[in-house]
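# Close look at the chain arrangement
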Amino acid sequence: MGASLPPKEANLFKLIVKSYETKQYKKGLKAADAILKKFPDHGETLSMKGLTLNCMDRKSEAYELVRIGLKNDLKSHVCWHVYGLLYRSDREYREAIKCYRNALKIDPDNIEILRDLSLLQAQMRDLTGFVETRQQLLTLKPNHRMNWIGFAVSHHLNSNASKAVKILEAYEGTLEDDHPPDNERCEHGEMLLYKVSLLEESSSMERALQELHKKESKIVDKLDYKEQEVSLLVKLGRLEEGAELYRVLLSMNPDNYRYYQGLQKCLGLYAENSQYSPDEIERLDDLYKSLGQKYSWSSAVKRIPLDFLQGEKFREAADNYIRPLLTKGVPSLFSDLSPLYDHPGKADILEQLILELEHSVRVTGAYPGRVEKEPPSTLLWALFLLAQHYDRRGQYDMALSKIDEAVEHTPTVIDLYSAKSRFLKHAGDLAAAAALADEARCMDLADRYINSECVKRMLQADQVPLAERTAVLFTKDGDQHNNLHDMQCMWYELASGESYFRQGDLGRALKKFLGVEKHYADITEDQFDFHSYCLRKMTLRSYVEMLKFQDRLHSHAYFHKAAAGAIRCYLKLYDSPLKSTSEEDDDMSKLPPSQKKKMRQKQRKAEARAKKEAEGKNEESNVSGVSKSGKRPVKPVDPDPHGEKLLQVDHPMSEATKYLKLLQKNSPESLETHLLSFEVNMRKQKILLAFQALKQLLRLNAEHPDSHRSLIKFFHKVDLMPAPETDTEKLIWSVLGAERPLISRLQGNSLVEANMNFLEKHQDSLMHRAAVAEVLYALEPNRKDEAIALIEDSTNNMVPNTNGALGRVREWKLKDCITVDRLLKTFLVDDAAALRWKERCAEYFPYSTYFEGSRSSAVPDSAYNQNGSANHADHGHNAGSIAVNGNLEAFKDLTIQS
């Protein structure tokens, strides 16, 4: 470095490097300028100056200087290395790897460049190259522990666990007396546990157990040691020893569900589907009774038997479990019991039990069969539990009645208002749900969770501006949108994006969805720093787990929602393109003068309002952004806050395809993935790709309404296509001709017949009938009345009592009825039928604001409509009147009732 410079300038060059490493960029820049005064064409100095400028956010200058420096000294490994560092800072990893390789051609044994290259290879999962680079590093510096460990990890990641074990054993052989220094005992213990996990992964169970026992004294983490040991014992079939060790682990932590599950496996009493024979249930009952006597304070030992007990024994165990928690007042009790509702018959038993407890406490003040009086709060929590029970069973009238009774009993419990808000959301009154959630929020302004729940309800009710103002109460000072984005608050961005999409604001919706996608890109980038850190700190098992997690990162539900939302936005944009400025001017010119004037005034007002809001936000951020030192942190201004530029794409389907590929790669078992693929490829006229998506739909669920709709639509479009002319078209037709007879539904049937056959199989399903009606109208538009009749003839039967999870409720779901209503309005275009459907659904869903049900806040005289908020006449709460800082007046006359 700087070898071609005189001694004085060579020392200055070393100062540049040191200043860069210590982040003293101005000092480094000054030294670089001093060299360049005498040697203006010195390539390495130009490159280092560029690298320094890059750290000062002067990227364009940085790239220019580094390129000039490289041009002046192509044979310098420093210039190539710096160019690679520049690309790495911009996440251009492939280009950075090329630069590093060029640098290594000049200086093959440069440790720093090899280390940087290995980090990039791990990041890009170039595992073969990673192994080679780590081997080279080890060869050059074999006395460095990190090089041994890095070489072992590289082989492990490259699916060669046995080779990794040999490398670790060779490393152990370099230690004096096979013992590390005292200050490295924890790291060495972690390395030994990693080695055992490698042996386990390579199916050498017996050897792994021997190694674990042999190195027991050197492993500091005794809990991990025992967990690893019991895992190996179970895999070796030594179940008695495993059971004994699980009992030891339970004595250390009797609330760990995994230990109970492991003990059951060792005793031969575990089933994945939780289906047990009467004899197995008896043995399990005895096991947990003995464990319960030993660990009487453990909640897990009391809760787990509820999963396998049946009938009267289940009732008795549930009674013993619920009573102390009601007395204690545990708000999360229902969440704990909720999985039991999927077990046949248990929901009915729980209902009888809770009703009995509630009645006894109300009448006698004590539990059944008990003389001791319960505190007044027990009745409150019994009502709360019963209300949640009825909500889970779809009986919203009963749920709201019980929660109102609980509110009347003790009006100051926030959980009651949050629960009532949730019930109203389930019943379909989103506006009242948001008002109740805001009322709960105002009762405790310091509770972040309640604030977040309120924001979520507001977004579900499409009250986005109000939700933003509420969310900002718990963000840093300044621009709340940027803060929420910087905090990677994905649930907020997804809910906000879905709300904007429902309102037809595609720009803002895309902005939110793509913001979530960017978070996942950032999470992927965040792993970079751990490639060196984890090897240095020896957290090897966690490191490998982290890499595996990163490899499946995009299969996470939030990413799926964001990508699917973005694709839906692009589909809508493709179907309804934005008007150009000239088209808007043409439309304006056709209007009469009075309307033109009104339109222009409206536009001017909107522009002025937007400008005023922007100025207000800037002023707020300027005032609040001044730190104690008097310096104002500079935040980058969002050039496209409303997502307008995101809509200005020439090919929406090409943009949609980017996210579609990620979904196809990471969520191949999702029906929605292939539905979106079908819609995108049909619009792109990619017939074979659309057919590929269709085959995936049929594979996943051939009886789903969307699969049927896509099947008929596809072959209807194919039938309408002109005869093939080119060789490509002929090939496509031959493929479809060979595949069509293989689809059972179409064998020997026309599309209309296949549609009617599908109807016969699913006569009682509303959504299947709606799909048949839509397809019938698409195939034969003259049969529109028949298609509408198919929907209107649907019957809303009572839910069959298969497992008892739902109570006496009807089959139709609110979201399905809304979908059918939109089908009648937009596709079948029959306002009279849509009105009849609305009136019918209003009876079934009296709390639904969409259908203006009689008890919803959409009806003027409803109990939930007082300026769009819930009205609690019994104690004078009105969420509509609550200020941002809470309504303290509402608590003046409150009394706690016994």
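Read on for an overview of the structure. As the structure is a computational prediction, the values presented were derived from the model and not from experiment.

Calculation rules
- Residue indices begin from 1 for each chain and proceed along its sequence in written order.
- Per-residue local features of the predicted model are confined to residues with pLDDT of at least 70, and side-chain atom pairs are confined, for both listing and counting, to 80 or more; whole-chain, interface and lining totals are unaffected and use all residues.
- To obtain the side-chain values, all non-hydrogen atoms of the structure were included, while hydrogens and water were left out.
- The helix and strand labels rest on DSSP assignments: H or I over at least four residues marks a helix, E over at least two residues marks a strand, and numbering proceeds from the N terminus.
- When accessible area is computed with a 1.4 Å probe and restricted to protein chains, residues below 20% of their type maximum are described as buried, those above 50% as exposed, and intermediate ones as partly exposed.
- Note on contacts: a residue pair is in contact if any heavy atoms of the two residues lie within 4.5 Å.
- Any Lys or Arg side-chain nitrogen found within 4 Å of a carboxyl oxygen on Asp or Glu counts as a salt bridge.
- Only the contacting stretch of a helix is used when fitting its axis, a line to C-alpha atoms as for every element, and angles between N-to-C directions run 0 to 180 degrees.
- Every angle not falling under 35 degrees, over 145, or within 65 to 115 is termed oblique; those three ranges are roughly parallel, roughly antiparallel and roughly perpendicular.
- Each helix crossing is assigned a hand: it is left-handed if the near helix lies turned anticlockwise from the far helix by less than a right angle, otherwise right-handed if that turn is clockwise.
- Any residue outside Ala, Val, Leu, Ile, Met, Phe, Trp, Tyr, Cys, Pro, Asp, Glu, Lys and Arg is labelled polar, Gly included; the first ten of those are nonpolar and the last four are charged.

This part covers the overall build of the protein. Scanning the protein for helices and strands turns up 46 helices and two strands. Relative to its full complement of 898 residues, the protein shows a buried share of 47%. Taking the intrachain contacts of the protein between residues at least 6 apart in sequence as the baseline, contacts between residues at least 24 apart amount to 60%.

For the rest of this paragraph, the subject is the pattern of salt bridges. Applying the stated criterion across every chain yields a total of 63 salt bridges. Two residues, R91 and D522, come together in a salt bridge whose shortest N-O distance is 3.1 Å. One end of the pair, R91, is in the loop between helix 5 (77-89) and helix 6 (93-106); the other, D522, is in helix 30 (residues 506-526), with 431 residues separating them in the sequence. Its relative accessible area of 42% is what places R91 among the partly exposed residues.

Bringing the packing of helix 25 (residues 430-443) against helix 26 (residues 448-460) into the picture now. Packing of helix 25 against helix 26 brings their axes to within 8 Å, and their N-to-C directions diverge by 160°. Of the possible angle classes, the one that applies to helix 25 and helix 26 is roughly antiparallel. As for the relative orientation of helix 25 and helix 26, their crossing is left-handed in sense. Two secondary-structure elements touch here, helix 25 through L430, A433, A434, A437, D438, A440 and R441 and helix 26 through I450, N451, C454, R457, M458 and Q460. Split by residue class, the contact of helix 25 with helix 26 holds eight nonpolar, two polar and three charged.

Following both chains from N to C, one finds helix 39 (residues 687-701) and helix 40 (residues 705-720) inclined at 150°, their axes separated by 10 Å at the closest point. In terms of their interaxial angle, helix 39 and helix 40 are classed as roughly antiparallel. Note on packing geometry: the crossing formed by helix 39 with helix 40 is left-handed. Side by side, helix 39 and helix 40 meet where I687, A690, F691, L694, L697, L698 and N701 of the first sit next to S707, S710, L711, F714, F715 and K717 of the second. For the contact of helix 39 with helix 40, the class distribution of residues is nine nonpolar, three polar and one charged.

A few words on unusual backbone geometry. Backbone geometry at K23 places phi at a positive 65°, although glycine is not the residue there. In this structure, K23 sits in the loop between helix 1 (7-21) and helix 2 (25-38). Of note in this structure, R125 is not a glycine but carries a positive phi near 60°. Its location among the elements puts R125 in the loop between helix 7 (111-124) and helix 8 (127-140).

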